[in-house]
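Summary of structural features
Chain residues, written in single-letter form:
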Amino acid sequence: MKKIAVLTSGGDSPGMNAAIRSIVRTGIFEDMIIYGVQGGYQGLINGDLMELNIASVADIIQRGGTILGTSRSDEFETEEGLKKAMNILSVYGIEGLIVLGGDGSFRGALELSRLGMTVIGIPCTIDNDLGYTDYTIGFFTAVSTVTDAINKIRDTSSSHGRANVVEVMGRSCGDIALYAGIAGGAESIVVPEKTFTNEQVAKKTLEGKKRGKRHHIIVVAEGVGKPYEIAKDVTDITGIDTRVTILGYIQRGGAPNVTDRIMATAMGHEAVMLLCQNVGNCAMGVKNNEVFSMDLEKALEVPKSFNEDLYEVLKVVSI
Ligand code: F6P
């Protein structure tokens, strides 16, 4: 394969730039021509492509976001949109497409592969909600960002003797809440994967207060919703003043941490090497610290599992 393209799609995640850099440099090293699609699948439909060279990806490994831009494209989900995208790929003579994104972006890539394009998916989402891989690029940076925020919120929580509900991203996946909650020493972690009642959260908070705790951190995954209801019930049941912080988009930005940079570089490199051998229609992933690839369609069928062991550890360490 001689001409390939890369695009970033869906919500951005720290480490996308590191992956783009790795793809471009590996491709050039292998005598390929690399196009960057600007603005995700919508940019592909619009024909917004540019050739990337070694200098185009200089000084980006440490930057959050994506230099290519991203989008959530409704048009790409239509038959017409897919046809337009395929047409642009053929006009440019592109033989292989690397898609950086999450579940929705991979499903888009799968549609293109069904129309004959050779595609490879690299998992980039802060949500860590793809079942076939241990981790997705951006997840650990987001967890660090949330942990840092919890540290700060805990200072003021202690000063005032309050409870603080902290809502974090993740869609229907509770991984950001679980990992950041553990790292931040949260008292309670509320995730969509586990049933809970506001009364249980309140009881836990009250037990902490009785033991002399002055801070009470309750991390709630966005998939659970209702952070204000939880806060109100905690106050009503315990009498402890409770505040809510919705962390929001701060979790998507910032410099990628070392784990995300290394995973992005390794997966980007391997993806290009596969295309060099005309191997495609696969998803890159990490299992037990090793980069691997598997059939894209099968990867999307693997259900996401919740880290029950870590959740059980919380019950012990948060007493
Ligand atoms: O998938 C990443 C994510 O940040 C989710 O955690 C969140 O629910 C969603 O994207 C927000 O999407 P948007 O950027 O379209 O508002």
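A brief structural summary. (Residues numbered from 1 in each chain as written. Predicted model: local features only at pLDDT ≥ 70, side-chain atom pairs only at ≥ 80, totals over all residues. Heavy atoms only, no water.)

1. Some points on a nonpolar patch on the surface
Together, Val 313, Val 316 and Val 317 make up an exposed nonpolar region whose accessible area comes to about 270 Å². Position of Val 316 relative to the elements: it lies in helix α11 (residues 308-317). Residue Val 316 is classed as exposed on the basis of its relative accessible area, which comes to 57%. (Patch = residues over 30% accessible without salt bridge, like charges linked within 9 Å, V, L, I, M, F, W, Y side chains within 5 Å. Areas by Shrake-Rupley, 256 points an atom, 1.4 Å probe, with all protein chains shown as cover. Salt bridge = Lys/Arg side-chain N within 4 Å of Asp/Glu carboxyl O. Helix = DSSP H or I, 4+ residues; strand = E, 2+ residues; numbered from the N terminus. Buried < 20%, exposed > 50% of the residue type's maximum accessible area, 1.4 Å probe, protein only.)

2. Points about the site of the ligand
Neighbouring residues of the ligand: Arg 72, Ile 126, Asp 127, Met 169, Gly 170, Arg 171, Glu 222, Tyr 249 and Arg 252. Contacts to the ligand include Asp 127, whose side-chain N or O atom sits 2.7 Å from an oxygen atom. Tyr 249 is positioned with one of its side-chain polar atoms (N or O) 2.4 Å from an oxygen atom of the ligand. Against a free-state accessible area of 400 Å², the protein chains account for coverage of 77% of the ligand. For the shell around the ligand, the class distribution of residues is three nonpolar, one polar and five charged. (Near = heavy atom within 4 Å. Polar contact = N/O pair within 3.5 Å; in protein donor to acceptor, adjacent residues only side chain to side chain. Nonpolar A, V, L, I, M, F, W, Y, C, P; charged D, E, K, R; others polar.)

3. Observations concerning the sheet that holds strand β3 (residues 49-52)
In spatial order, the strands read β3-β2-β1-β4-β5-β10-β11; together these seven strands make up an open sheet with mixed pairing. A single partner strand is all that each edge strand has here, and the edge strands are β3 and β11 (290-295). Between one strand axis and the next, the sheet turns through 25° on average, direction left out of account. Where strand β1 (residues 3-8) meets strand β4 (residues 96-101), five bridges bridge the pair, whose relative direction is parallel. Along β4, the bridge assignment pairs Ala 5 with Leu 97. Across the sheet, helix α1 (residues 16-29) touches β1, β2 (33-37), β3, β4 and β5 (118-123), and the angle it forms with β4 is around 160°. (Pairing = 2+ DSSP bridges. Axes fitted to C-alpha atoms, helices over the stretch in contact; angles between N-to-C directions. Contact = heavy atoms within 4.5 Å.)

4. Details of the pattern of salt bridges
The tally for this structure, following the rule as stated, stands at 17 salt bridges. Between Glu 187 and Lys 213 there is a salt bridge whose closest N-O contact spans 2.8 Å. With a gap of 26 residues between them, Glu 187 in the loop between α6 (175-183) and β7 (188-190) and Lys 213 in the loop between α7 (198-210) and β8 (216-221) connect regions that are remote in the sequence. Of the two residues, Glu 187 and Lys 213, neither departs from the other in class, the shared state being buried. A salt bridge links Arg 243 to Asp 241; the nearest nitrogen and oxygen atoms lie 3.0 Å apart.

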